[in-house]
Each structure stands twice: as structure tokens, then as C-alpha cells.
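Coordinate inspection notes
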Amino acid sequence: MDTQERIRYVIDMFEGGNASRFALRLGISRFAVSRMCNGKASVSQHAAAIAKAYPLVSPAWLVSGEGEPPLSLSELERVEKMAEKLHEDLKKLAERLDEVERTHREILEMYNNQNKDL
């Protein structure tokens with residue numbers, strides 16, 4: 001993937017392909033975005049602004065292709081749903097652990113009371 005393709009990838013993933021919205025978010029002209037997409041302008045001069053506007057985009061990946069591309073929004077939504085499910089599962093496990101600990105204390109108390117009577 002070359003630099004122009006990486007810019008288009010960011011625009012597609014985060015702005016639904018809308019280069020005007022991308023330009024607005026960065027505070028640059030639509031013409032500047034067009035020039036980057038066509039390889040007529042350097043992406044590196046805008047890499048910091050892009051990384052600031054899109055924290056999931058690595059400047060190193062954007063400029064040189066090093067590392068992994070950012071997750072798409074659909075992938076992020078899937079990861080968020082998985083995290084929510086894990087959170088719910090952990091909450092249920094914590095409740096079950098509390099219940100087991102209560103039962104354990106009750107059994108210990110019954111055992112101690114029986115030993116007192118002997």
C-alpha cells in the first residue's frame with residue numbers, strides 16, 4: 001500500500017470516503033487533500049495533524065507504511081461489543097464468587113458451632 005492509498009484508507013475508514021470532511025477535520029483545504037491522494041503533495045507535512053485528528057492512525061504507518069493500518073470503525077465496534085460482553089461476564093462471575101464466599105462462610109460457621117457443642 002503506497003502513501004496515497006494509506007491516505008485514502010484513512011478517509012474511507014474514518015470519514016466514509018468523504019474527503020471534504022477529512023479536510024475540515026484537519027483544518028486544511030480540500031485541494032490539499034486531493035493533492036495528497038494524487039501523490040502531488042507530501043503526506044508527512046500533515047502526518048501530525050492526521051494523527052491528532054485520528055488517534056488510531058500511526059504517523060509511521062501513514063508516512064512509511066511501517067506497522068499495521070488502523071482498525072476500521074466496524075472492527076472497532078466489534079471489539080467494543082466484545083469488551084462489553086466480557087465486562088458483563090466478569091460482573092456475573094464476581095456476583096457468583098460473592099455467593100460462593102457467602103456459602104463458604106456459612107458452612108464454616110455451622111462447622112464451628114457444631115464443634116463448640118462437642
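Our subject is the structure that appears above.
Residues numbered from 1 in each chain as written. Predicted model: local features only at pLDDT ≥ 70, side-chain atom pairs only at ≥ 80, totals over all residues. Heavy atoms only, no water.

Describing the nonpolar core
The biggest cluster of nonpolar side chains holds 19 residues, and the ones touching the most others in it are Phe22, Ile50 and Leu62. Of all the elements in the fold, those that place two or more residues in this core are α1 (3–15), α2 (19–26), α3 (30–37), α4 (47–53) and α5 (59–64). Sort the elements by how many residues they give to this core and α1 lands first, with five residues. (Core = buried A, V, L, I, M, F, W, Y, C linked by side-chain atoms within 4.5 Å. Buried < 20%, exposed > 50% of the residue type's maximum accessible area, 1.4 Å probe, protein only. Helix = DSSP H or I, 4+ residues; strand = E, 2+ residues; numbered from the N terminus.)

Regarding the pattern of salt bridges
Applying the stated criterion to the full structure yields four salt bridges. One salt bridge in this structure joins Arg21 and Glu15, with 2.9 Å as the shortest N-O distance. Overall, the relative accessible area of 42% leaves Arg21 in the partly exposed class. With a relative accessible area of 3%, Glu15 lands in the buried category. Glu15 is the partner of Arg25 in a salt bridge, and the nearest nitrogen-oxygen pair spans 2.5 Å. (Salt bridge = Lys/Arg side-chain N within 4 Å of Asp/Glu carboxyl O.)

Function cannot be read off these values alone, since they describe shape.
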